[in-house]
Amino acid sequence: MTIPTPWRRWLSGIVFAAVALVARAEMTVEIVGGDAGRLPIAVVPFKDEASRVREALTPTVKGDLGFTGVFRLLPTDGVANLPFAPGEIRHADWQAAGAKYLAVGRVEPASGGQVRIRFELVEVGSRRQLTQGEFTVGPERARDVAHTIADMIYEAVTGQRGVFNTRIAYVMKSGRDYLLQIADVDGGRPQTVLRSKEPIISPAWSPDGSRLAYVSFETRKPVVWVQNLATGARRAVGNFKGSNSAPAWSPDGTRLALTLTTSGNSQIYVMNADGGSPRRVAYSDAIDTEPTWTPDGASLLFVSDRSGGPQIYRVDAGGGTPQRLTWQGSYNVSPKVSPDGRRFTYIRKEGARFRVMLQEFGSSDARVLSDAAYNERPSFAPNGQMVLYASDEGRKSVLYAAHPESGQRIRLGTVDGDVQDPAWGPFNTP
């Protein structure tokens, strides 16, 4: 993966991220930092899943739960009791195996060529059923059901909404082509949204998950497009004089913030998401770029060199005097705000290292979430429980998820290739 110079990286908003997650359907999940605090769970292979659905459910359920770093997946092949329903569970066997939670299920035939998938989650020690579900779908929908089951298990145990039915967008370099793709959050079922001989950068999901905004160089200049994912229809909404880059949707989906050079230097503008005349948000002779919205839609974070080097600022969405947020370090870029609006993540350059930082609003102190020397494109999961970021490890592309509270990091595998600009979709991605 070619790493651009730091100045070009933040100035242009072109951030190259190598993400193993999207390059293969099954992730290699490695927990960095040991098993401390992780909850032991066993997922028994569902009865008749191999013969009744196109893709087995349990590997997807287990992969999803492992991805969170909350659970420690226990092997089931060494336990004599392999139940498919709560009444078949020998709780003493599973307590001896170390399981705190046990998920069981089965796949049954239904009318019209469909299947009925049932599952239950049991707390082994108390024998309480924590959640259960029943789904009647076509055999080809097993992966969707598996993600839903994982979401239900995660929420039943943690009280937090799961993210396994969301999707990701990213750009992949394949030969001389650039491919804008979307996929399940575990990298499964990738689909190509756009293929171009010219670069595609900065994909951004609309809040309802129905559209993507992105920057394409297909006309030999950066232009912001919005594309409907269901129909494929698209339109150029940011095609003004100079450079058009770094689109970011407002939380209600009606507006886009973007970076334009119509006035000379890169500056932050807000415009209608369907097009129209842009309105400048802040005024200075500096370079302003990389806008991102706060969850209430009232303000924007952005990067500016008005203090001499790239720092992160906050400004009212209606305009006004920006407030500087980062005071430690001489190079802070790529901000993203947590879904609850309490904190933000960004990249800080310290010497030759690019670190993922986490900072509370109202504080100038920040915590380091990353470990490798080069990290980029941090963003929050839609439930706020993980920060995703890309790292370079030699010639390999690696994605990590860090838990803001524990600092535990989950390494999601490595792959040769050039995968860039990941963006995690909202909860309601269709």
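Predicted model only: the values in this text are computed from it and were never measured. (Residues numbered from 1 in each chain as written. Predicted model: local features only at pLDDT ≥ 70, side-chain atom pairs only at ≥ 80, totals over all residues. Heavy atoms only, no water.)

1. Describing the overall build of the protein chain
Regarding its fold elements, the protein chain presents five helices and 30 strands. In the protein chain, which comprises 430 residues, the share counted as buried stands at 56%. At a minimum sequence separation of 6, the contacts of the protein chain that also span at least 24 residues come to 46%. (Helix = DSSP H or I, 4+ residues; strand = E, 2+ residues; numbered from the N terminus. Buried < 20%, exposed > 50% of the residue type's maximum accessible area, 1.4 Å probe, protein only. Contact = heavy atoms within 4.5 Å.)

2. Describing the sheet that holds strand S7 (residues 167–174)
Within the open sheet, the four strands sit side by side as S9-S8-S7-S30. Their pairing is antiparallel. The outermost strands of the open sheet, each flanked by one partner alone, are strand S9 (191–196) and strand S30 (419–424). Between one strand and the next, the sheet's axes are offset by a mean angle of 15°, whatever the strand orientation. Pairing analysis gives five bridges linking strand S8 (residues 177–184) to S9, with the strands arranged antiparallel. (Pairing = 2+ DSSP bridges. Axes fitted to C-alpha atoms, helices over the stretch in contact; angles between N-to-C directions.)

3. Quick word on the confidence of the model for the protein chain
As a general rule, the predicted coordinates of low-pLDDT regions are not to be interpreted in detail. Averaged over the protein chain, the pLDDT score is 89; the fraction of residues at 70 or greater is 89%. Scored below 50 in pLDDT, residues 1–27 makes 100 contacts in the model with residues more than four places away or belonging to other chains. (pLDDT = per-residue confidence, 0-100.)

4. What about empty space enclosed by the protein?
The probe, sized like a water molecule, is rolled over the atoms to show the empty space still left. Taken as a whole and assessed by the stated rule, the structure comprises two cavities of 30 Å³ or more. Estimates place the volume of the second largest cavity at around 30 Å³. In terms of lining, the second largest cavity is formed by Thr68, Tyr154, Gly162, Val163, Phe164, Asn383, Gln385 and Met386. Tallied by class, the residues present in the lining of the second largest cavity amount to four nonpolar, four polar and no charged. (1 Å grid on protein atoms, 1.4 Å probe; cavity = no way out; pocket = protein on both sides within 12 Å on 5 of 7 lines; lining within 4 Å. Points joined across faces, edges and corners; volume = space filled by probe spheres on them. Nonpolar A, V, L, I, M, F, W, Y, C, P; charged D, E, K, R; others polar.)

5. So, helix H3 (residues 57–68)
With twelve residues, H3 extends 18 Å from end C-alpha to end C-alpha; this agrees with the ideal 16 Å at 1.5 Å per step. Where burial is concerned, most of H3 is hidden: nine out of the twelve residues are buried. By the burial criterion, the buried members of H3 are Leu57, Thr58, Thr60, Val61, Asp64, Leu65, Gly66, Phe67 and Thr68. After H3 finishes, the residue Gly69 shows a positive phi value of roughly 75°. (Expected span 1.5 Å × (residues − 1).)

6. Some details on the side chain of Glu49
Here Glu49 lies in helix H2 (residues 49–52). Look at Glu49: it is buried, it has no salt bridge, and the nearest opposite charge is Lys62 at 8.8 Å. Residues contacting Glu49, with those up to four places away along its chain left out, are Ala56, Leu57, Thr58 and Val107. (Lys, Arg positive; Asp, Glu negative; His and termini not counted. Salt bridge = Lys/Arg side-chain N within 4 Å of Asp/Glu carboxyl O.)

7. Here we look at the nonpolar core
By size, the foremost hydrophobic cluster in this structure holds 41 residues, and its most contacted members are Leu57, Ile117, Ile149, Ile153 and Trp424. Among the elements of the structure, strand S2 (39–43), H3, strand S4 (101–109), strand S5 (115–123), strand S6 (128–137), helix H5 (142–158), S7 and S30 are those that each provide at least two residues to this core. The element that contributes the greatest number of residues to this core is H5, accounting for eight residues. Excluding anything up to four places from it in sequence, Trp424 contacts Phe67, Val163, Thr166, Arg167, Ile168, Val185, Trp205, Phe380, Ala381, Pro382, Met386 and Leu388. Listed in part, the 22 residues of the second largest apolar core include Phe354, Met357, Tyr400 and Ala402. (Core = buried A, V, L, I, M, F, W, Y, C linked by side-chain atoms within 4.5 Å.)

8. So, the pairing of S30
In terms of burial, S30 is largely enclosed, as six of its six residues are buried. Pairing of S7 with S30, which is carried by four bridges, proceeds in the antiparallel orientation. Looking at the pairing, Met172 lines up with Val419 of S30.

9. Some details on H5
Given a rise of 1.5 Å per residue, 17 residues ought to cover 24 Å, and the 24 Å separating the end C-alpha atoms of H5 matches this to within 8%. Of all the 17 residues making up H5, twelve are buried; the element is thus mostly covered by neighbouring parts of the structure. Looking only at H5, the buried set comprises Ala142, Arg143, Asp144, Val145, Ala146, His147, Ile149, Ala150, Asp151, Ile153, Tyr154 and Val157. After H5 finishes, the residue Gly159 shows a positive phi value of roughly 80°.

10. Topic: the environment of Ala92
Within the secondary structure, Ala92 sits in helix H4 (residues 91–96). Expressed as a C-alpha distance, the spacing of Ala92 and Val124, which sit 32 residues apart in the sequence, is 8.4 Å.

11. Considerations on the pairing of strand S27 (residues 387–393)
Of all seven residues that make up S27, six are buried, and the element is covered over most of its length. Bridging between strand S26 (residues 375–380) and S27 involves four bridges; their strand directions are antiparallel. Note on S27: the bridge partner recorded for Phe380 is Val387. Adjacent in sequence and paired antiparallel, S26 and S27 are bridged by six residues, among which Gly384 carries a positive phi angle near 75°.

12. With respect to the layout of surface pockets
Its boundaries defined by the atoms lining it, the largest pocket holds a volume of some 1000 Å³. Around the largest pocket, the lining comprises 36 residues; the ones closest to its centre are Trp205, Trp249, Thr292, Lys336 and Trp424. Elements supplying a minimum of two residues to the lining of the largest pocket: strand S10 (200–205), strand S14 (244–249), strand S18 (288–293), strand S22 (332–337), S26 and S30. Each residue belonging to the lining of the largest pocket can be placed in one class, and the counts come to 23 nonpolar, ten polar and three charged. For the second largest pocket, the lining is made up of 23 residues, of which Val70, Gln385, His403, Glu405 and Ser406 are closest to its centre.

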